[in-house]
Amino acid sequence: MTEGRPPAFEARALEKHFGARTALAPLDLRIEQGESVALVGPSGSGKTTLLNLMAGLLAPDGGELRLLGRPVQDWDRRGRSARVGMMHQQFDLVPNLSVLHNVLAGNLGRWSLGRALRSLVAPVGGGEVEEVLAEVGLEGRARERTSRLSGGEQQRVALARLLVQNPHALLADEPVSSLDPARAEALVELLVRLASAGGHTLVASLHTVELARHHFARIVALRDGAVMFDRAAAEVTSGELEMLYRLEAADVASGTAALTEGV
């Protein structure tokens, strides 16, 4: 506990399997409320699986994951939506709808079906949306069709939707994977700043380690579904990162064989 508060997330011997493949080995992790944590590691290390478990989109196969002191699966849909929101790598926007409609989708977890359907015809909360769009640098763009925006602008729409949802914890799965380095830097900086200003817990998976080191207070490194290291970003060494991303000899051999067969 921190100041008598339960942690935002607490995993104890958490496991997840997909058939014969182990996505997460028994894993222990604790993230306090208000922390900003970057998940790093090679592809297939378990970052997305862990985020999906935190969001309640997957159920664990072993161990336990608690959200604000209660098992994640014990929260109902509205309860989870009020406490945790996720920004997916694919944005999950509806291209043919306006920016306004897509951002208002952040309310769906707490709206009734009737209110959600009415909002498609007569959107409510436009003032709130305009404020959030101004925060993410899209002021005055609410009425534009989302499909007409650039990839970076669409990612900002996805972030605005998450801010309208206003959960305790913000989760982001590779939020800048499709952006060039300059735009990626700007969006990560914006994400961390807005999370801090709103008092949100932030957990984001990132491929670019330098973004994690420059913008996050803490780094959790995953490899083969296990925590390889977990410490303050300023204390992470280049040697640890080299070990984290080093290919095993067997991986190199299999990759070489595959290339040879394809020639």
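Residues numbered from 1 in each chain as written. Predicted model: local features only at pLDDT ≥ 70, side-chain atom pairs only at ≥ 80, totals over all residues. Heavy atoms only, no water.

Peer 1: Would you mind going over the nonpolar core in detail, with residue names and values included?
Peer 2: Leu-133, Val-136 and Leu-159 are the most contacted members of the largest nonpolar core, which has 49 residues in total. The biggest single contributor to this core is helix H7 (residues 181-197), with 8 residues. Those residues within four positions of Leu-159 in sequence are excluded, and the remaining contacts are Met-87, Val-136, Leu-187, Leu-190, Leu-191 and Leu-194. (Core = buried A, V, L, I, M, F, W, Y, C linked by side-chain atoms within 4.5 Å. Buried < 20%, exposed > 50% of the residue type's maximum accessible area, 1.4 Å probe, protein only. Helix = DSSP H or I, 4+ residues; strand = E, 2+ residues; numbered from the N terminus. Contact = heavy atoms within 4.5 Å.)

Peer 1: Outline the environment of Leu-159, listing residues and values.
Peer 2: Mapped onto the secondary structure, Leu-159 falls in helix H6 (residues 151-165). A residue is classified by how much of its surface remains accessible, and Leu-159, at 1% relative accessible area, is buried. For Leu-159 and Met-86, which are 73 residues apart along the polypeptide, the C-alpha to C-alpha distance reads 9.3 Å.

Peer 1: Break down the pairing of strand S4 (residues 62-67) for me, citing the residues and quoting the values.
Peer 2: The sheet contact formed by strand S1 (residues 9-18) and S4 spans 5 bridges and is antiparallel. In the sheet register, Phe-9 faces S4, and the bridge partner there is Leu-67. Pairing of S4 with strand S5 (residues 70-71), which is carried by 2 bridges, proceeds in the antiparallel orientation. Directly across from Arg-66, in S5, lies its bridge partner Pro-71. (Pairing = 2+ DSSP bridges.)

Peer 1: If you had to explain the packing of aromatic side chains to someone new, which residues and values would you point to?
Peer 2: This model, assessed by the stated rule, comprises 0 aromatic pairs. The aromatic ring of Trp-75 is capped on one face by Arg-70, whose charged end is 4.0 Å from the ring centroid. (Phe/Tyr/Trp six-rings, centres within 6.5 Å; stacked < 30°, edge-to-face > 60°. Lys NZ or Arg CZ within 6 Å of the ring centre and 35° of its normal.)

Peer 1: I'd like a rundown of the sheet that holds strand S2 (residues 21-31), residues and numbers included.
Peer 2: Taken together, 4 strands build an open sheet; the order of strands is S2-S1-S4-S5 and the sheet is antiparallel. Every other strand in the sheet has two partners, leaving S2 and S5 as the edge strands with one partner each. The strands touched by helix H1 (residues 47-54) are S1, S2 and S4; relative to S2, the strand with the most contacts, the crossing angle is about 60°. (Axes fitted to C-alpha atoms, helices over the stretch in contact; angles between N-to-C directions.)

Peer 1: Break down the sheet that holds strand S6 (residues 84-87) for me, citing the residues and quoting the values.
Peer 2: In spatial order, the strands read S6-S7-S8-S3-S9-S10; together these 6 strands make up an open sheet with mixed pairing. The sheet is open, and its two borders are formed by S6 and strand S10 (226-232), each paired with just one other strand. Here the strands of the sheet are splayed against their neighbours by 15° on average, with no regard to which way each runs. Note that strand S7 (residues 169-173) and strand S8 (residues 201-205) share 5 bridges and pair parallel. Residue pairing for S8: Leu-170 is matched across the bridge by Leu-202. Seen against the sheet, H1 touches strand S3 (36-40), S6, S7, S8 and strand S9 (218-223) and runs at an angle of roughly 150° to S7. Against the sheet, helix H9 (residues 238-245) engages S3, S9 and S10, with an angle of about 160° to S10.

Peer 1: Can you lay out the environment of Val-72 for me, pointing to particular residues and giving the numbers?
Peer 2: Looking at where Val-72 falls in the secondary structure, it is placed in the loop between S5 and helix H2 (77-83). Taking the relative accessible area as the measure of exposure, Val-72 reaches 2% and is therefore buried.

Peer 1: With reference to specific residues and values, describe the side chain of Thr-201.
Peer 2: Locating Thr-201 in the fold gives a position in strand S8. On the basis of relative accessible area, Thr-201 is assigned to the buried category, the value being 3%. Sequence-distant contacts of Thr-201, defined by excluding residues within four places in its chain, comprise Ala-8, Ile-31, Glu-32, Gln-33, Gly-34, Glu-35, His-168, Ala-169 and Leu-170.

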